[in-house]
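Read off the chains here:
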Amino acid sequence: MNKCYHCGEDCREDTFLLDGKYFCCNGCKTVYEILSTNDLQYYYELDDRPGISPKTQQGKYDYLQNEEIVAKLLEFDSDTVSIANFLIPDIHCSSCIWILENLSRLHPGVSNSQVNFPEKKVRITFYSEAITLKQVVELLCKLGYEPYLSLSDSKKEAKDIDRSLIYKLGVAGFAFGNVMFLSFPEYFEVKEFWLDQFKYVFRYLMFAFTLPVVFYSASSYFVSAFKGLKAGILNIDVPIVLGISVLFIRSAVEIILDIGTGFFDSLTGLVFFLLLGRYFQQKTYSYLSFERDYKSYFPIGVTRINHKGTNNENEEQVEVYKLRKGDCILIRNQELIPVDAILKEGNAYVDYSFVTGEAEPLAVEENKKIYAGGRQTGGIIHVEVLKPVEQSYLTQLWNNEAFDKSSKLTFQDITNKISGYFTKAILIVAVVATIAWFFIDSSKTLEVFTAVLIIACPCALALAAPFTLGNLLRVFGQKKFYLKEANVIEKMAHIDTVVFDKTGTLTTNNSNKIVYEGEDLSEEEKVLLNSTLRASNHPLSRSLYQLLEQHNIKTLDHFSEKVGKGIEASSLKNSIKIGSRKFVDEATNNKEQINQTSVHISTNNAYKGCYILKNEYRSEVVPLFNELSKKKKLFVLSGDNEGEKDVLSKMLPISTKMCFNQKPHDKLQFIKKLQQEGRKVMMVGDGLNDAGALKQSDVGIVISENINVFSPACDAILDASVFGKLGSFFRLSEKGHKIIKASFIFSLFYNLIGLGFAISGNLSPIVAAILMPLSSISIVTFTTLVSQVVSRNEFKENKN
């Protein structure tokens, strides 16, 4: 079978030949012609078959004629020049970048275009007098790069990029370097005339450099410590602030009274390393969205029908937010229904898989209700709005308390758990040492008390988790598991229950299996079957047509489609019926198997058999479940009926519990009930029907075939290609937890050495300057090396 020269897909039928090259469809051929005509064939030299087959649809972007909608999509608009920024999920290689940055050669109205590859976005500057926004979008669609436009684009909020941590780190680093430089003469007690003359200048310079570090760079630690104490929690920032405060006060007193050089170098170094750890942990995947809701799924505009005439003038493009009860709107094939509505005209086959999890599209009769979030998979339909978009069935899911951030329990990590004991222990040691010195040498009591608090400042303790989790966060990302934040890894280490959605999570979105049961079809009957399926808009017909072996297509003499029943057609003397058992074989008394998706066939009024469409489960499901079931409780939730229960029971471990016919609210309540039993729950899903459960769970993971297209709010996005490695990610998170514990023991070793100097009254600035940075550097080195080695070994074992 020939491969399409443009997109690389199999040329199954109606193969197009041009310039000695095969194309799978007219769309691919058209793109090739456009590129060839404009001398852009270099596109095919950058990568082998780099294109995407264009899926153009007449009228889909008519709403871009609405000036209000256009104004909300444009970044900049003047009388002559406009700028728009589009998310294009299909950008995947250098050829994509090259063609999108050469749009000006395809249309003179485009001034320039720039691609942001990590974010899969293209920023296009165009002359509004020469080309409209709608034409720009249609140009992209013709090339196969359809923009992802949604309701969330109508209310764009400027990204608030917080760079304060970088500024604080910069100030601390600058001060640390200068203070260290100015401290060298004091370290080595250099006796030189000019150094001796200017040592007071140097000390006050160090004091000046330290002021912004304490009052600006370290401000977030003071705020966090205050909030912790206010809430009755001794978090890790409390001993840190205690150490910073004592260091600053004692150092200031020493230089003002001229009784010492102070510990400004240790103080600035402490803050610098702490901020460095926080910055390292802050690595995020900003090009992915972890907080999407229904607005990212709904269209920005629709076609409203005004019943004032019979021509096209009775149609207008409006924003979805402006729809009101009683409005009549037009929905095209593959368009999403944004509101709860009543079907008024047309054949509706609604795919609710992304909303309810039900895999099979539903046929809807006229004057029956259609819910928001379904996708029309037949021809054009007219529906009457029942409720505005904000009051639809789907949007009610976002009113649940699970989506209220304030209702989420705060996760207390291991560092903050230990810090409570650490702070109390240090204070006890300081008090005991002070009392002891009061009887030995009362002049040293204050010095010993402050020395204990200074040297015991838990810098190394505070760095263990950020550097360990930061390293693992990068490893996870390299392996296509993208986390919202680093502490998700620590949460994963505590998970004891994993709940999986079925449709789209355990099953693939790209393929199905078919099984035929019945009498063999003759070649002539197969040709008639293919020809009839090809003429149908029903999603099951199209799925079956794609899966069947292709035969010569013939013209039909008669074709009719009955909603909710099936299709019938004839050619010459042969007739065929395709659909439900009752429709194709009226005389039968056999009942339809309600728990399976089947398409029955009869030819010339004689029943032949049926094709049973079965879900294609991911190949990694069985080994993954066998692996996870050894340590964790597993559940499968599905919006489907129990048709797949027997299949799953044979595939999965016997301990796996399964629940079917689960609506979105049922899934959320199921997760909540498990948590009330004291379980730490991870939810793995893929669609809006899982949104509540994902948000309610301790860790919510979305599995995605394409990480740049819509996915519900979650803690992490797992690329479908690495679904089978979920067990490895669990093990790695657990090992990361152990590395943090080992680092605490390592840092305790340094604290004991430092306490020896402090309690004995021998803590000098040079000892502090050596011990404190050395402990920090040691912890950073240890956590980085060990986490890298552990990660490499884990995935090496998994590969074998």
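Structure first, text after, so check above.
Below, the structure is looked at part by part. (Residues numbered from 1 in each chain as written. Predicted model: local features only at pLDDT ≥ 70, side-chain atom pairs only at ≥ 80, totals over all residues. Heavy atoms only, no water.)

Notes on the overall build of the protein chain
Part 1 of the argument: Of regular secondary structure, the protein chain possesses 24 helices and 28 strands.
Part 2 of the argument: Buried residues in the protein chain amount to 52% of all 800 residues.
Part 3 of the argument: Put simply, 69% of the contacts in the protein chain that link residues at least 6 apart link residues at least 24 apart.
Part 4 of the argument: Accessible surface, the protein chain: about 37300 Å² in total, of which carbon and sulfur atoms supply 53%. (Helix = DSSP H or I, 4+ residues; strand = E, 2+ residues; numbered from the N terminus. Buried < 20%, exposed > 50% of the residue type's maximum accessible area, 1.4 Å probe, protein only. Contact = heavy atoms within 4.5 Å. Areas by Shrake-Rupley, 256 points an atom, 1.4 Å probe, with all protein chains shown as cover.)

Side note on the sheet that holds strand β11 (residues 348–351)
Part 1 of the argument: Taken in spatial order, the 3 strands line up as β12-β11-β14 in an open sheet, and their pairing is antiparallel. The open sheet terminates on both sides in strands that have one partner only, identified here as β12 (362–364) and β14 (375–376).
Part 2 of the argument: Sheet analysis places β11 next to β12, joined by 3 bridges and oriented antiparallel. If you follow A348 over to β12, its bridge partner there is V364. (Pairing = 2+ DSSP bridges.)

Observations concerning the sheet that holds strand β6 (residues 121–127)
Part 1 of the argument: Pairing within the open sheet is antiparallel, and its 4 strands lie in the order β3-β4-β6-β5. Of all the strands in the sheet, just β3 (74–77) and β5 (110–116) have a single pairing partner and so form its edges. Averaged over neighbouring strand pairs, the angle between their axes works out to 10 degrees when direction is ignored.
Part 2 of the argument: Relative to β6, β5 runs antiparallel, the two being bridged by 6 bridges. Directly across from N116, in β6, lies its bridge partner K121. (Axes fitted to C-alpha atoms, helices over the stretch in contact; angles between N-to-C directions.)

What to know about the environment of G754
Part 1 of the argument: Looking at the element boundaries, G754 is found in helix α23 (residues 726–759).
Part 2 of the argument: Sequence-wise, G754 and I455 are 299 residues apart; in three dimensions their C-alpha atoms are separated by 5.7 Å.
Part 3 of the argument: Contacts of G754, omitting those with residues within four sequence positions, involve I455 and L771.

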